[in-house]
Amino acid sequence: MEYDQSVIVPESYKVLISEKEIQKRLQELGEQITRDFKGKTPILIGILNGSFIFLADLIRYINTDLEVDFIRISSYGNGRESSGHIKILKPLSADINGRSVLVVEDIVDSGLSVQFLRKMLEAFNPVELKFVTLLNKPEKKKVDVSIDYVGFDIEDKFVVGYGLDDGQMKRNLRSIYYIEQE
Ligand code: PRP
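What counts and what doesn't
Residues numbered from 1 in each chain as written. Predicted model: local features only at pLDDT ≥ 70, side-chain atom pairs only at ≥ 80, totals over all residues. Heavy atoms only, no water. Phe/Tyr/Trp six-rings, centres within 6.5 Å; stacked < 30°, edge-to-face > 60°. Helix = DSSP H or I, 4+ residues; strand = E, 2+ residues; numbered from the N terminus. Buried < 20%, exposed > 50% of the residue type's maximum accessible area, 1.4 Å probe, protein only. Pairing = 2+ DSSP bridges. Axes fitted to C-alpha atoms, helices over the stretch in contact; angles between N-to-C directions. Contact = heavy atoms within 4.5 Å. Polar contact = N/O pair within 3.5 Å; in protein donor to acceptor, adjacent residues only side chain to side chain.

Draft legend 1. Representation of the packing of aromatic side chains. Under the defined criterion, the tally for this structure stands at 1 aromatic pair. Seen from their ring centres, tyrosine 13 and tyrosine 177 are 5.9 Å apart, and the 45° between their planes marks the pair as tilted. With tyrosine 13 in strand β1 (residues 13-17) and tyrosine 177 in strand β9 (residues 176-179), this residue pair connects regions lying 164 residues apart in the sequence. As far as burial versus exposure is concerned, tyrosine 13 and tyrosine 177 are alike and both buried.

This is the structure in structure tokens:
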């Protein structure tokens, strides 16, 4: 039986991607990533805060040795639109020089965060630098970025749950919802 979270799901929230669909897609991504990184002991870098649930689930579908680290950046503050100003709130701890790196994002919207992260991380000379995102909004791109693994391409809707917040809350929802506007 699915775990019932209806008590914390407002009426305006509509399911966009169910818990089951997310897990199914994660297994596919995990298989692909396992093949591509076999024997390389990659470092997966989760971009806090939004990616923590995706990263935690994804690594359990990857069948090769790996390490995990986190960076915390902020571009949105508490609003729903990118401010364009990216701040590093927690820098990288691991040494990625000569390593295979997979950056784990929950959502790519304008692409500004990915562009910023690529430039920042390339300066540490990883041997390979790839990106995975659970969600991608193709329509919203302000810059041209290439993402190696995409969970789901979605329309330009405000999405919440499975790590993504609504005013810092609702990250604990198991499915991904969009908010129906009046
Ligand atoms: C989100 C997401 C990405 C960024 C994507 O983070 O995790 O890092 O926005 O947007 P972009 O493609 O327009 O740059 P957010 O700033 O909402 O912080 P959070 O993960 O802590 O909620």
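Now, onward.
Draft legend 2. Main features of the sheet that holds strand β3 (residues 67-74). With respect to topology, 6 strands assemble into an open sheet ordered β4-β3-β2-β5-β6-β7, the strand pairing being mixed. Where the open sheet ends on each side, the last strands, each with one partner, are β4 (87-90) and β7 (149-153). Neighbour to neighbour, the strand axes of the sheet diverge by 25° on average, direction disregarded. Alignment of strand β2 (residues 43-48) against β3, held across 6 bridges, turns out to be parallel. In the strand pairing of β3, leucine 44 is matched with valine 68.

Draft legend 3. Seen up close, the environment of glutamate 2. Note on placement: glutamate 2 falls in the segment before β1. Once the C-alpha coordinates of glutamate 2 and lysine 14 are considered, the two residues, 12 residues apart in sequence, prove to be 17 Å apart. The contact partners of glutamate 2, leaving out residues within four places of it in the chain, are Glu19 and Lys20.

Draft legend 4. Seen up close, the side chain of aspartate 57. Note on placement: aspartate 57 falls in helix α2 (residues 52-59). Polar contacts involving the side chain of aspartate 57 include one to the side chain of glutamine 23, which spans 3.0 Å. If we ignore the near neighbours within four places in the chain, the residues touching aspartate 57 are Gln23, Leu26 and Tyr162.

Read these as spatial facts, not as claims about activity.
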